[in-house]
Structures are given as C-alpha cells and as structure tokens.
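# Close look at the chain arrangement
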Amino acid sequence: MSASPGNKSFARNASSGYSGIEEHSGPLHSFLEHSTLLIFPVVFVLNLHWAGSRLYELELLWLVALAVPLGIIGGDFISGIVHWAADTYGSEDMRVIGPSLVKPFRLHHVYPRDICTHGLVETTGNVCILAVPALSLCLYLMWLMPDSLLLAFSVISFALMAAATVATNQFHKWAHQESPSAFARWLQRKRLVLEPLHHKLHHTQPFDVNYCITNGWLNPLLNKLKFFRRLEMALGFLGIKTDSQRRRISG
Ligand SMILES: [Zn+2]
Ligand SMILES: [Zn+2]
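Residues numbered from 1 in each chain as written. Chains lettered and ligands numbered in written order. Predicted model: local features only at pLDDT ≥ 70, side-chain atom pairs only at ≥ 80, totals over all residues. Heavy atoms only, no water.

What follows concerns the packing of helix 3 (residues 64–88) against helix 6 (residues 149–176). Think of two packed helices as two axes; the pair is described by the angle between the axes and how far apart they sit. As a packed pair, helix 3 and helix 6 sit with axes 7 Å apart at the nearest point and diverge in direction by 45°. The angle between helix 3 and helix 6 places the two elements in the oblique class. Between helix 3 and helix 6 lies a crossing whose hand is right-handed. The residues of helix 6 that touch helix 3, namely those facing Val64, Leu66, Ala67, Val68, Leu70, Gly71, Ile72, Gly74, Gly75, Ile78 and Ser79, are Phe153, Ile156, Ser157, Leu160, Met161, Ala164, Thr165 and Thr168. (Axes fitted to C-alpha atoms, helices over the stretch in contact; angles between N-to-C directions. Helix = DSSP H or I, 4+ residues; strand = E, 2+ residues; numbered from the N terminus. Parallel < 35°, antiparallel > 145°, perpendicular 65-115°, else oblique. Left-handed = near helix turned anticlockwise from the far one by under 90°. Contact = heavy atoms within 4.5 Å.)

Listed below in structure tokens is the structure:
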C-alpha cells in the first residue's frame, strides 16, 4: 500500500475523523480485489444453487431457514474475532497482515470517518480475496461428495456467512456515514446491520467492547461473558501476549 496526500476537503475535516491520507493498493493487490469482487457473486450463487438443489431433492429445503440465521450470526462472530485480533495482537509492520489488516483497524480508531471515503472495491475487496478461494473449495467438495446432506447444509451456512462477512465493511461504513441512504438507515433501525449508536460504544475509550461489526447481534452476549478478555487470558497462558503487553515489557 502507498499513501499520498488526500484532497484538501479531507484535510480540513481531520478534526472530525478524516486523516486526509488516501491509501492506494499496489497493482497485484488491486487486481485481486477487483477480480475477486467480480467472481464472488458467481461462486456464491453456484454454492447456494448446488447445495439448495441437494436439500430440495432430499425434501429438506426447510433447513435453509436454519442456515440463514446461522450464517448471519457466524459472519457477525467472524467480524468480531478478526476485529478484536487486529486491535489487540501483532503490529502494523508485520508482513502482509500488518498493512492489510492491523493498520486499517488501528487507524480506524484515530480516523473513524476515513472508511466513508472508500469505494466498494476498497471496502469489500480484501474479504473477497479470502472468500472466493474458500467458496471455490466448497464447490469442489460438493463435486466430490454430491450426496452428502451434512455437506449441503454446511455449504449453504458457510456461503451465507461468507456473504455476511463480505458485506461487513459496507455495514461498518454506513455506521460512520453522516448521511447514509434511506435504505441503509432502514436496515440500521431494524438492527439488520450495524447500528451507529451501538457501534459508537466501540469507539469510546478503552475501545474494548462491541467488536462485532456485521450487525452486532452477538455483542451483548460476548460483552456479558467477557469473552474477549477471557480469550486474551487463555492466550496469555500459552505465552501469546497482546500488543500493549509486549510494549510494556519492551518499554
Ligand atoms: Zn476497533
Ligand atoms: Zn468503526
């Protein structure tokens, strides 16, 4: 990634959450973002079609009603885990995941409105780069085991989870926009996507609650269970230190 000075209107708005810096992907990264964003809908629909046809043949199409909430909640959970990991572990200068994952999440705490300046490719491309190979593998597995009911149900749930994960940064972007579209506001009011006031709690010191950013359905439960603090303790026992613990030791 390379950075260049942004336009003056962003710079003027620095105090309201914009950095004034525009990030540009390198040519290979940009190619992967664009191509996988185009391929994602194709592999997503193929997965739903193949797995759905299998459930229909078995007269078990009603299982889709179970797969939908499972996929959406799974996507919300993945968003929470990835967000928490990027906020808590590693550093911005790590290879590959430093600039592509750790840095954007940490900069987002300093300049939360930068996400509003990102286009569709920048918002969803990185997740598509991961989702397309995963969904292609699902197609291959269904080709190998076309009669498996468990596989068909798992694939539908996984494909929906992948779609929720791809959409997550778009929902996150809507939560930071000053004037989201009427459709986005309706989805936010119905709590089908991340609601701005709910997400604002994550942007309040010490930034350690409400990590899930697809729709945030899991946040109340995970906050109550102190899920991420307990996970940090468990990883601490294995010798894996958070970024702030490492800084304290080395400082
Ligand atoms: Zn965060
Ligand atoms: Zn945010």
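After that view of the structure, there is still more to cover.
The next point concerns the coordination of the zinc ion (ligand 2). At 2.0 to 2.2 Å from the zinc ion (ligand 2) lie its protein donor atoms, namely His108 (NE2), His172 (NE2), His176 (NE2), His199 (NE2) and His203 (NE2). Each donor residue of the zinc ion (ligand 2) belongs to the same chain, with the gaps between them written as H-x63-H-x3-H-x22-H-x3-H. We note that His199, like His203, is buried. (Donors = N, O, S within 2.8 Å, 3.2 Å for Na, K, Ca; no water. Buried < 20%, exposed > 50% of the residue type's maximum accessible area, 1.4 Å probe, protein only.)

Surrounding the zinc ion (ligand 1) are the protein donor atoms His83 (NE2), Asp87 (OD), His109 (NE2) and His202 (NE2), which sit 2.1 Å from the metal. The site at the zinc ion (ligand 1) holds four donor atoms, and with the angles between them running 90 to 163°, its shape is irregular. Counting gaps between the donor residues of the zinc ion (ligand 1) yields the pattern H-x3-D-x21-H-x92-H. Linking His83 with Asp87, this pair stays in helix 3, spanning four residues, or about one helical turn. Comparing His83 with Asp87, the two get one shared label, buried. (Tetrahedral: all angles 85-135°; square planar, octahedral: opposite > 155°, others 65-115°.)

Let us now look at the nonpolar core. In terms of nonpolar packing, the biggest core is built from 25 residues, with Phe40 and Leu135 touching the most fellow members. Looking at this core, the elements with two or more residues in it are helix 2 (27–57), helix 5 (120–144) and helix 6. In this view, Leu135 contacts Phe40, Val43, Phe44, Asn47, Phe158, Ala159 and Ala162; residues no more than four positions away in its chain are not counted. Residues Trp84, Tyr89, Cys212 and Leu218 belong to the second largest nonpolar core, which totals seven residues. (Core = buried A, V, L, I, M, F, W, Y, C linked by side-chain atoms within 4.5 Å.)

For the rest of this paragraph, the subject is the confidence of the model for the chain. The share of residues in the chain with pLDDT of 70 or more is 90%, and the mean pLDDT across the chain is 90. For the stretch residues 1–12, pLDDT sits under 50, and the model shows 25 contacts to residues farther than four places along the chain or on other chains. (pLDDT = per-residue confidence, 0-100.)

Turning next to the packing of aromatic side chains. With the rule as written, the count across this model stands at nine aromatic pairs. Their ring planes at 35° and their centres at 5.6 Å tell us that Phe171 and Trp174 sit as a pair that is tilted. A residue pair is termed a helical-turn pair when its members lie 3 or 4 positions apart in one helix, as Phe171 and Trp174 do in helix 6 at three residues. Look at Phe171 and you get buried, because its relative accessible area is 15%. (Phe/Tyr/Trp six-rings, centres within 6.5 Å; stacked < 30°, edge-to-face > 60°.)

On to the environment of Glu33, then. Mapped onto the elements of the fold, Glu33 is located in helix 2. As for Glu33 and Glu122, which are separated by 89 residues in sequence, their C-alpha atoms are 7.5 Å apart.

What follows deals with the packing of helix 5 against helix 6. Interhelical geometry of helix 5 versus helix 6 gives an angle of 175° and a closest axis separation of 9 Å. Taken together, the axes of helix 5 and helix 6 lie roughly antiparallel to each other. Across from Leu120, Thr123, Thr124, Val127, Cys128, Ala131, Ala134, Leu135, Cys138, Leu141 and Met142 in helix 5, the residues of helix 6 making contact are Leu151, Val155, Phe158, Ala159, Ala162, Thr165, Val166, Asn169, Gln170 and Lys173. Of the residues contributing to the contact of helix 5 with helix 6, the split by class is 15 nonpolar, five polar and one charged. (Nonpolar A, V, L, I, M, F, W, Y, C, P; charged D, E, K, R; others polar.)

In an α-helix, one turn spans 3.6 residues, which is why side chains three or four residues apart end up on the same side. The terminal C-alpha atoms of helix 6, which comprises 28 residues, lie 41 Å apart, in line with the 40 Å expected from a rise of 1.5 Å per residue. The sharpest bend along helix 6 reaches about 40° and sits at Thr168. Burial analysis of helix 6 places 22 of its 28 residues in the buried class, the great majority of the element. Structurally, the start of helix 6 carries an N-cap: the backbone nitrogen of Leu151 is 3.0 Å from a side-chain oxygen of Ser148. (Expected span 1.5 Å × (residues − 1). Bend = angle between axes of the 7 residues up to and from the residue. Polar contact = N/O pair within 3.5 Å; in protein donor to acceptor, adjacent residues only side chain to side chain.)

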